[in-house]
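# Structure at a glance
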Amino acid sequence: MAQHKTSIGGQALIEGIMMKGPFKTSVAVRKPDGKIEVSVENTKKNKLSKIPILRGIWGFFDSLVTGYNSLMKAADIAMVDEEPSKFEIWIEKKFGKKATNALTMIAGVLGGMLAIVLFMILPTMITGLIAQFIELGTFKAVVEGVIKVAIFFLYIFGISHMKEIKRVFSYHGAEHKTIACYEAGEELTVENVRPHSRLHPRCGTSFLFIVVVISIIIFSFIPWSSTFGRVILKLIFLPLVVGVSYEVLKLTGRYDNPITHLIASPGMFFQNFTTFEPDDSMIEVAIEAIKAVIPASKEDDKW
């Protein structure tokens, strides 16, 4: 019997995991007292979710919003006993609780802007600078692509060595293992989940690498009249890149053949830096998260 491939996906959080199924989205978090708190909401539906290319654009931006909200919810639950910083106390005292929430939202926006700067603007600026000293000609887009991949690798490698991020990445590994156990048709227990691989072909890390590669291909057709003009055009074409990348991910996840394995292999490699082996307590959280979103029929969550 062919292995079930589920559309259920998740995101590692602070001491928890978010799982998104076809009908429900859950957030499971380990509380300071050791208990697991699970909250469940209905998964948002959109007419664009069935239209190729557009479904990828919708899914990407929806996942950003859902992921951010889940991260904030997990932080509130897991860090309830944490003492606020002097800066947070001062802000809340001067401007109120709403100001603190606004600052948190601004921090999220700035994080998104940093990603755009690192992976879209910086490679173009570095390539433009190199072109002032070396005649790159038609290889400009190739050089830009190599720089983009190098920045992506250095970024992933760098944050994976941060203590707090490493723990989140261990929850990421628990998420993958639990989904693999479910797809294998096994009972969702810690003992059954533990032996499964922490690498998964339909992971967000794989999607991000596919975005990088597709952007290199699509942006190679964008004229390089000026560095600033190219950056603006890249931002305009970003939704198209995301939409096409999602369709590529769908294909690599749906079919098992040498071509799809070749396409998926770089993303699987990068997962060695974005996932770590979880402990049993993390697996328990992942199990509670996925149980809350599994539909009655496997046909409903079929990839």
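These notes cover the structure that comes with them. Not measured: the values here are computed from a predicted model. (Residues numbered from 1 in each chain as written. Predicted model: local features only at pLDDT ≥ 70, side-chain atom pairs only at ≥ 80, totals over all residues. Heavy atoms only, no water.)

## A look at helix H5 (residues 163-183)
- If you check H5, its first and last C-alpha atoms are 31 Å apart, about what 21 residues at 1.5 Å a residue would give, namely 30 Å.
- Counting buried positions over the 21 residues of H5 gives 15, a clear majority of the element.
- Directly after H5, the chain includes Gly185, whose backbone phi takes a positive value near 80 degrees. (Helix = DSSP H or I, 4+ residues; strand = E, 2+ residues; numbered from the N terminus. Expected span 1.5 Å × (residues − 1). Buried < 20%, exposed > 50% of the residue type's maximum accessible area, 1.4 Å probe, protein only.)

## A few points about the packing of helix H4 (residues 140-159) against helix H9 (residues 258-274)
- Here H4 crosses H9 at 30 degrees, and the two axes come no closer than 8 Å. Comparing the axis directions of H4 and H9 gives the class roughly parallel. The hand of the H4/H9 crossing is right-handed. Along its contact with H4, which presents Phe152, Phe153, Ile156 and Phe157, the element H9 presents Phe269, Phe270, Phe273 and Thr274.
- Each residue belonging to the contact of H4 with H9 can be placed in one class, and the counts come to seven nonpolar, one polar and no charged. (Axes fitted to C-alpha atoms, helices over the stretch in contact; angles between N-to-C directions. Parallel < 35°, antiparallel > 145°, perpendicular 65-115°, else oblique. Left-handed = near helix turned anticlockwise from the far one by under 90°. Contact = heavy atoms within 4.5 Å. Nonpolar A, V, L, I, M, F, W, Y, C, P; charged D, E, K, R; others polar.)

## What to know about the nonpolar core
- Ile17, Met19 and Ile290 are the most contacted members of the largest nonpolar core, which has 21 residues in total.
- Counting residues per element, the ones that place at least two in this core are strand E2 (16-20), H5, helix H6 (190-193) and helix H10 (280-291).
- Broken down by element, the residue count for this core peaks at seven residues, all from H10.
- Sequence-distant contacts of Ile290, defined by excluding residues within four places in its chain, comprise Ile8, Met19, Thr178, Ile179, Tyr182 and Leu188.
- Among the nonpolar cores identified, the runner-up in size contains 13 residues, and Phe207, Val211, Ile218 and Val248 belong to it. (Core = buried A, V, L, I, M, F, W, Y, C linked by side-chain atoms within 4.5 Å.)

## What to know about the state of the cysteines
- Considering all chains together, one arrives at zero disulfides under this definition.
- Cys203 provides the cysteine sulfur closest to Cys181, a residue in no disulfide bond, and the two sulfurs are 18 Å apart.
- Assessed through its relative accessible area of 0%, Cys181 is described here as buried.
- Under the relative-accessibility criterion, Cys203 is labelled buried at 4%. (Disulfide = S-S within 2.5 Å.)

## Here we look at a nonpolar patch on the surface
- On the surface, a nonpolar cluster with roughly 550 Å² of combined accessible area is contributed by Phe228, Ile232, Leu235, Ile236, Phe237 and Leu240.
- Within the secondary structure, Ile232 sits in helix H8 (residues 227-254). (Patch = residues over 30% accessible without salt bridge, like charges linked within 9 Å, V, L, I, M, F, W, Y side chains within 5 Å. Areas by Shrake-Rupley, 256 points an atom, 1.4 Å probe, with all protein chains shown as cover. Salt bridge = Lys/Arg side-chain N within 4 Å of Asp/Glu carboxyl O.)

## Some details on the side chain of His4
- Here His4 is to be found in the segment before strand E1 (9-13).
- In this structure His4 comes out as buried when scored by relative accessible area, which is 13%.
- Polar contacts involving the side chain of His4 include one to the side chain of Asp301, which spans 2.8 Å. (Polar contact = N/O pair within 3.5 Å; in protein donor to acceptor, adjacent residues only side chain to side chain.)

## Comments concerning the environment of Val193
- Among the structural elements, Val193 can be located in helix H6.
- According to the relative accessible area criterion, Val193 is buried, its value standing at 0%.
- Along the chain, Val193 and Thr178 lie 15 residues apart, while their C-alpha atoms are 5.5 Å from each other.
- In contact with Val193, other than residues within four places in its own chain, are Lys177, Thr178, Cys181, Ile283 and Ile287.

In short, the description is geometric, and any link to function would need to be established separately.
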